[in-house]
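Reading the structure
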Amino acid sequence: MNSEKLSKRLETVVSFIEPGMNIADIGSDHAYLPCYAVRKGLACSAIAGEVAAGPYQSARKQVKAAKLADKIDVRKGDGLAVLHLSDKVDCVIIAGMGGALMTEILTAGKHKLSSVSRLILQPNIAAEKVRKWLYEQNWQLIDERLIEEDEKYYEILVAEQGNPALPYTDITKELLLGPFLLKNKEKNFREKWRAELQIWEKILQELNKAENKEATRAKKEALRQKIEMVREELS
Ligand code: SAM
């Protein structure tokens, strides 16, 4: 992967940028995504935010080498703290980190999102947490993708400010599985959740061997419910 040829995962992420948007890529690492998006004319301008020194330097080098420094501003800082309301960012992208960290970043920088019309989020794990955050913070999930790359599954969530309840009819199940993904139940969806089921079943077996404490019982019950829910959808 490089700034000319993105991974399938990041290519899917950028496909949700609306033409002409000013984007911010938070946790940009090498800045491949903003370089690609600006060079291809998918985004007008970009801010590449990075908290860690090494990736920040590599993003700066990448943007300079691509001769895109007039359109891409590389900023060092924690999450959305690198954004100012005067930046007029329309679209915030956060990709390639866990759902828990992603929601921490979004919560800490909530006040920076007032001008933002679209969020494109690609949690590596715990997409359920991200859907829940969107729902609670009045962001309406408008689309989702589930792709497979190098034997890993990635969920991409797209949200806009709107009616957060709109895509949901059975919220517990759909926060876990994704309302759009559940509707289509494509091959990737079935494969991902079959694999997940196997892991959960092993965990449940281990929990069954553990001491019968209240905390273990609660964990087992929660897991059993999830297993049942997913099995039902795959049957
Ligand atoms: N977004 C790229 C992608 O999807 O390929 C890079 C993903 S990389 C695994 C995660 C990046 O997020 C790392 O470079 C890390 O330093 C950065 N990161 C983690 N926490 C961050 C935070 N609070 N603010 C900004 N960047 C952060």
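In what follows, the structure referred to is the one given above.
Residues numbered from 1 in each chain as written. Predicted model: local features only at pLDDT ≥ 70, side-chain atom pairs only at ≥ 80, totals over all residues. Heavy atoms only, no water.

**Examining the site of the ligand**
Lining the immediate environment of the ligand, one finds 17 residues, of which Arg9, Gly27, Glu50, Asp78 and Gly79 sit closest. Between an oxygen atom of the ligand and a side-chain N or O atom of arginine 9, the distance comes to 2.7 Å. Here an oxygen atom of the ligand sits 2.6 Å away from a polar atom, N or O, in the side chain of glutamate 50. Considering the ligand on its own, with 600 Å² of exposed area, one finds that the protein chains cover 80% of that surface. Assessed atom by atom at 2 Å from the grid points, the ligand resides in the second largest pocket. Of all the secondary-structure elements, those providing two or more residues to the shell around the ligand are α1 (8-14), β4 (91-97) and α4 (99-108). In terms of residues, the shell around the ligand owes the most to one element, β4, which gives 3 residues. (Near = heavy atom within 4 Å. Polar contact = N/O pair within 3.5 Å; in protein donor to acceptor, adjacent residues only side chain to side chain. Areas by Shrake-Rupley, 256 points an atom, 1.4 Å probe, with all protein chains shown as cover. 1 Å grid on protein atoms, 1.4 Å probe; cavity = no way out; pocket = protein on both sides within 12 Å on 5 of 7 lines; lining within 4 Å. Sits in = over half its atoms within 2 Å of the grid points. Helix = DSSP H or I, 4+ residues; strand = E, 2+ residues; numbered from the N terminus.)

**Some words on the nonpolar core**
Nonpolar side chains tend to gather and get buried jointly when the protein is soluble and globular. In this structure, Ile17, Ile23, Ile72, Ile93 and Ile120 are the most contacted members of the largest nonpolar core, which totals 33 residues. Contributing elements (two or more residues each) for this core: α1, β1 (21-26), α2 (32-39), β2 (43-50), α3 (53-65), β3 (72-76), β4 and β7 (152-161). For this core, the leading source of residues is α2, giving 6 residues. Excluding residues within four positions of it along the chain, isoleucine 17 makes contact with Ile23, Ala37, Leu42, Ala43, Ile93 and Ile120. (Core = buried A, V, L, I, M, F, W, Y, C linked by side-chain atoms within 4.5 Å. Buried < 20%, exposed > 50% of the residue type's maximum accessible area, 1.4 Å probe, protein only. Contact = heavy atoms within 4.5 Å.)

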